[in-house]
Amino acid sequence: LEESRSQLDQLRTAHSQDRSSRELEIGTLQEQLQLAKQRQVLHDNDLDKYKSELKSALDREASLQRTHDKEHLEWQQRLERCEQQQHKRSEDIIESLMKSRDELSALAEQRLAELLQRDRVVRLLQASRSQALRELERRGLELPPADAEMLALSQETQNIS
């Protein structure tokens, strides 16, 4: 019986040590679990923070892209307006130049017609004068020297033309 008691005491001691060691192991594991949970919470917080920062960065990028696209469209429209204005100015200049050319052409034709008319009148007057001078010379009237030179020039001009 003594032996049984001794074995029972040994078993109780072993069981007690085993239980203590298990309780210690459970305590250590619970502490490790608690630390793991705390790290998980920290990681989840970091992950949420990174997600939030990423969403903010994507929103800023999308906003910048919209702003860029809007400004690009505005500049394109400004360029088109400037090109249209330049085209209109060019057309106006061309129209003005053509109008001036037509006016100058009409003026030149008018002046040419006037010059031709004056030339005819001058020729008629010269012919009449030459005829009058010849008639005077034929009748024996003496001409002043300037008129005689004029008669000679007139006859040369008629011979040339």
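Our structure's up above, just so we're on the same page.
Residues numbered from 1 in each chain as written. Predicted model: local features only at pLDDT ≥ 70, side-chain atom pairs only at ≥ 80, totals over all residues. Heavy atoms only, no water.

**Things to note about the overall build of the protein chain**
Across its full length, the protein chain holds two helices and zero strands. Considering the protein chain as a whole, with its 161 residues, one finds that 3% of them fall into the buried category. (Helix = DSSP H or I, 4+ residues; strand = E, 2+ residues; numbered from the N terminus. Buried < 20%, exposed > 50% of the residue type's maximum accessible area, 1.4 Å probe, protein only.)

**Observations regarding the pattern of salt bridges**
Counted according to the given criterion, the structure contains eight salt bridges. The salt bridge partner of E135 is R139, with a shortest N-O separation of 2.8 Å. Since its relative accessible area comes to 29%, E135 is described here as partly exposed. Connected through salt bridges with shared partners, the residues E135, R138 and R139 form a single ionic network. (Salt bridge = Lys/Arg side-chain N within 4 Å of Asp/Glu carboxyl O.)

**Let's talk about helix α1 (residues 2-138)**
For α1, spanning 137 residues, the distance from its first C-alpha to its last is 196 Å, which sits close to the expected 204 Å at 1.5 Å a residue. Looking one or two places after α1, you find G140, whose phi comes out positive at around 90 degrees. (Expected span 1.5 Å × (residues − 1).)

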